[in-house]
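Residue-level listing of the chains:
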Amino acid sequence: MINNLEIAKIFNQIADLLELKDENIFRVRAYRRAAQNLEAVTEDVSEIAKRKELTKIPGIGEDLAGKITEFIKTGKIRFFEKLKKHTSSIYLELITIPGIGPKTAEELIYKLKIKSLKGLEEKARGHKLSGIPGLGEKTESNILKGIELIRKGRERVMLGTALPLAEDITRRLKKLPETGEIVICGSLRRQKETIRDIDILVTSSNPRKIMNAFIGLPFIKRVLAHGPTKSSALIKEDIQVDVRVVEPESFGAALLYFTGSKEHNIHLRKIAVKKGLKINEYGVFNIKTKKKVGGKTEEEMYKTLGLPYIPPELREDRGEVESFAKGARVPRLIDLNDIKGDYHVHTKASDGSNSIEDIVKAAIAKNYEYVVISDHSKSLKIAGGLSEDELLKQIKAIREINKRLKNFRVLAGSEVDILEDGSLDYSDEILARLDVVTASIHTGFKQSKEKLTTRITRAMQNKYVNIIAHLSGRLIGERDAYPLNMDRIFKTARETNTTLEINAFPNRLDLDDTNAKRAKESGIMMAIGSDSHSALQLESMKYGVSVARRAWLEKKDVLNCLTADEALKRLKKG
Ligand code: DGT
Ligand code: CA
Ligand code: ZN
């Protein structure tokens, strides 16, 4: 499945590069449309290619079909490689900075002779960017922030990027007869929103075989260390992967150690010492007798410390150790199987690529019972927002589709823009006809904390608004959260019975884990929305579930775990 998304990404990058070269706008659009349509295809393109049916995908003609075939065969598209070579790397780097477009990048390179991010940073600090059209003092500080974000982004990758790669590696290593247990550890097992490196733990009768197989994987770019039981390598996405083989007798101890977090482990070690025990990656030992008293399983490790099993997502030393040591109940965290519906899906009526019927099919395949269609509202023109008429037509179409469906329901929703003054993009009269009204901010991020907070609380006070989507507006590695008075937001959400969304799109994850936990503690329900723009993206639900788990959420906290009828009842206002 990686193929489709990988190729879509390259097509988008080709579009960017062509745009830089002032290429024919239709050609640019053709690549973008092809990319979006590829993302919407639920079957692996290599399967479609085998049947010679690539040109049946909308927007894919002979030329693009050829490029897809080339990628499947060689892992590369020569046209793309050539384009990249002929575009200077500083150019490519500059346009990734938020606020710098192609024209500004050109000016920076030719007028100011910027040759590196570092050079740009120095000039911005020294206020030397004025004189470049479109670049004032405010932009200088934005550029500095942008550079900082990009630096951070390079050190850490998103969960949604790292997880499929790690799963691909473990899937391949699992095929070896010498592999016993194999588990992804570290921050990835704790499902943190970003990850620095991939840690994998294996038990095996033949460690060397595992090591050789690992460093021989096709996507390994550079081997950093190759030992008898531990190897490290960079994969082609420039992420470091560490694989360790341990004895089955120490597997639990190693799992605990390499899952972390480091802070959680340090806390456990202190508890151990108080009990006359010592723990490390090999097991639990009695300090006096030096005898090993446990280490085969994680459960056993926790038990010897007088603790119940603590799920990896809670191991952040945010109070879990104290609380469970005192006998508090370990929450029964939700998991993907508990999800009965998706609260945030776009269709081709606005900026998505699939029809309602396509989405329904994909949702049924996921065993969902319902899905909320929530296209953009009229003001959001760049995202194809629906006019009142179009929305009313869509609601009617949804009612018709429901007549034909058994055991599945489409709920008519909308992602209504919260305008700059906190009013909504549709009248109450229109909103009243929807099953679920989700409101969110897409413009005017630069308002003050006070203004933004009031804008959102005003939206919550509307009696038709059920959910606030992507509350903070952050885009991981791209845009920070805008400032909000969270106490006021939570208080108003509670008072108005407004649900907060956990947006599951991999670069949003908004609410994040800490805010979702605080929302729960404030008595607020949460709804997970994949924010899908294609049927394939319904997959992102799992990343929303990760956030929910890290926020200690149980079924009772999450709307998706209710049936449609139960959820609609809970969403009622007043
Ligand atoms: P990351 O990679 O920054 O996203 O986060 P982690 O948690 O995966 O950190 P990493 O890869 O440095 O180490 C993996 C685990 O190994 C970590 O969660 C806990 C354990 N570990 C690493 N260094 C230490 C240490 O100095 N002390 C203890 N107790 N544990 C450590
Ligand atoms: Ca790690
Ligand atoms: Zn949105």
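Conventions used here
- Residues numbered from 1 in each chain as written.
- Chains lettered and ligands numbered in written order.
- Predicted model: local features only at pLDDT ≥ 70, side-chain atom pairs only at ≥ 80, totals over all residues.
- Heavy atoms only, no water.
- Near = heavy atom within 4 Å.
- Polar contact = N/O pair within 3.5 Å; in protein donor to acceptor, adjacent residues only side chain to side chain.
- Areas by Shrake-Rupley, 256 points an atom, 1.4 Å probe, with all protein chains shown as cover.
- Helix = DSSP H or I, 4+ residues; strand = E, 2+ residues; numbered from the N terminus.
- Nonpolar A, V, L, I, M, F, W, Y, C, P; charged D, E, K, R; others polar.
- Donors = N, O, S within 2.8 Å, 3.2 Å for Na, K, Ca; no water.
- Buried < 20%, exposed > 50% of the residue type's maximum accessible area, 1.4 Å probe, protein only.
- Domains from an automatic or database assignment.
- Tetrahedral: all angles 85-135°; square planar, octahedral: opposite > 155°, others 65-115°.
- Axes fitted to C-alpha atoms, helices over the stretch in contact; angles between N-to-C directions.
- Parallel < 35°, antiparallel > 145°, perpendicular 65-115°, else oblique.
- Contact = heavy atoms within 4.5 Å.
- Phe/Tyr/Trp six-rings, centres within 6.5 Å; stacked < 30°, edge-to-face > 60°.
- Salt bridge = Lys/Arg side-chain N within 4 Å of Asp/Glu carboxyl O.
- Pairing = 2+ DSSP bridges.

## Description of the site of ligand 1
The environment of ligand 1 is formed by 16 residues, the closest being Arg 156, Ser 187, Arg 190, Arg 196 and Arg 269. Note that an oxygen atom of ligand 1 is positioned 3.0 Å from one of the side-chain N or O atoms of Asp 197. One nitrogen or oxygen atom from the side chain of Asp 199 is found 3.2 Å from an oxygen atom belonging to ligand 1. Its free accessible area being 600 Å², ligand 1 has 76% of it covered by the protein chains. Where the shell around ligand 1 is concerned, the elements lending two or more residues are α11 (186-189), α13 (251-259) and α14 (262-274). Residue classes in the shell around ligand 1 are distributed as three nonpolar, six polar and seven charged.

## Description of the coordination of the zinc ion (ligand 3)
Ligation of the zinc ion (ligand 3) by protein atoms is provided by Glu 415 (OE), His 442 (NE2) and His 470 (NE2), these donors lying 2.0 to 2.2 Å from the ion. For the zinc ion (ligand 3), all donor residues lie on one chain, and their spacing in sequence is E-x26-H-x27-H. Here His 442 is found in the loop between β14 (436-440) and α20 (449-461), whereas its partner His 470 is found in the loop between β15 (467-468) and α21 (486-496), with 28 residues between them in sequence. His 470 shares its class with His 442; the two are buried.

## A few points about the domain arrangement of the protein chain
Splitting the protein chain by domain gives domain 1 (2-155), domain 2 (158-245), domain 3 (250-325) and domain 4 (336-571). Taking only C-alpha atoms into account, the centre of domain 1 sits 29 Å from that of domain 2.

## A short note on the coordination of the calcium ion (ligand 2)
In the first shell of the calcium ion (ligand 2), the protein supplies Asp 197 (O), Asp 197 (OD) and Asp 199 (OD), at 2.1 to 3.1 Å from the metal. Around the calcium ion (ligand 2) sit six donor atoms, and with donor-metal-donor angles ranging over 62 to 167 degrees the site reads as irregular.

## A few points about the packing of α20 against α21
Relative orientation of the contacting elements α20 and α21 amounts to 5 degrees, with a least axis distance of 9 Å. As judged from the angle between their axes, α20 and α21 are roughly parallel. Every residue of α21 that contacts α20 at Glu 450, Thr 453, Thr 454, Ile 456, Thr 457, Met 460 and Gln 461 is listed here: Arg 488, Ile 489, Thr 492, Ala 493 and Thr 496. Per-class residue counts for the contact of α20 with α21 are four nonpolar, six polar and two charged.

## Re the packing of aromatic side chains
As enumerated under the stated definition, the model contains seven aromatic pairs in all. Each ring, one from Tyr 257 and one from Phe 258, has its centre 4.8 Å from the other, and the planes form 80 degrees; the classification is edge-to-face. You can call Phe 258 buried: its relative accessible area is 17%. Ring geometry for Phe 445 and Tyr 482: centres 5.8 Å apart, planes at 20 degrees, overall stacked. Note that Phe 445 is positioned in the loop between β14 and α20 and Tyr 482 in the loop between β15 and α21, a separation of 37 residues in sequence. On the basis of relative accessibility, which here comes to 7%, the residue Tyr 482 falls in the buried class. Chaining the aromatic ring pairs together yields one cluster made of Phe 11, Tyr 31 and Phe 79.

## Here's the deal with the pattern of salt bridges
All told, the structure shown has 46 salt bridges when counted by the stated rule. Residues Lys 556 and Asp 557 are paired through a salt bridge, measuring 3.3 Å at the closest nitrogen-oxygen approach. On the basis of relative accessibility, which here comes to 8%, the residue Asp 557 falls in the buried class. Ionic contacts of the salt-bridge type, sharing partners, join the residues Arg 190, Glu 316, Arg 318, Asp 513 and Arg 550 into one network.

## Here we look at the environment of Ser 204
Tracing the sequence through the fold places Ser 204 in strand β4 (residues 198-204). Those residues in contact with Ser 204 that sit more than four places away from it in its chain are Glu 178, Gly 180, Ile 210, Val 245 and Val 246. Within the structure, the side chain of Ser 204 is placed 2.7 Å from the backbone oxygen of Glu 178, a separation counted as a polar contact. A distance of 2.8 Å separates a polar side-chain atom of Ser 204 from the backbone nitrogen of Asn 206.

## Some remarks on the pairing of strand β9 (residues 283-286)
Each regular strand shows side chains that alternate between the opposite faces of the sheet. Relative to β9, strand β8 (residues 277-280) runs antiparallel, the two being bridged by four bridges. Bridge pairing links Ile 279 to Val 284 in β9. A loop of two residues connects β8 with β9, the two strands running antiparallel in sequence. Following β9, the chain reverses through five residues before pairing antiparallel with strand β10 (residues 292-294); Lys 290 in that reversal takes a positive phi of roughly 65 degrees.

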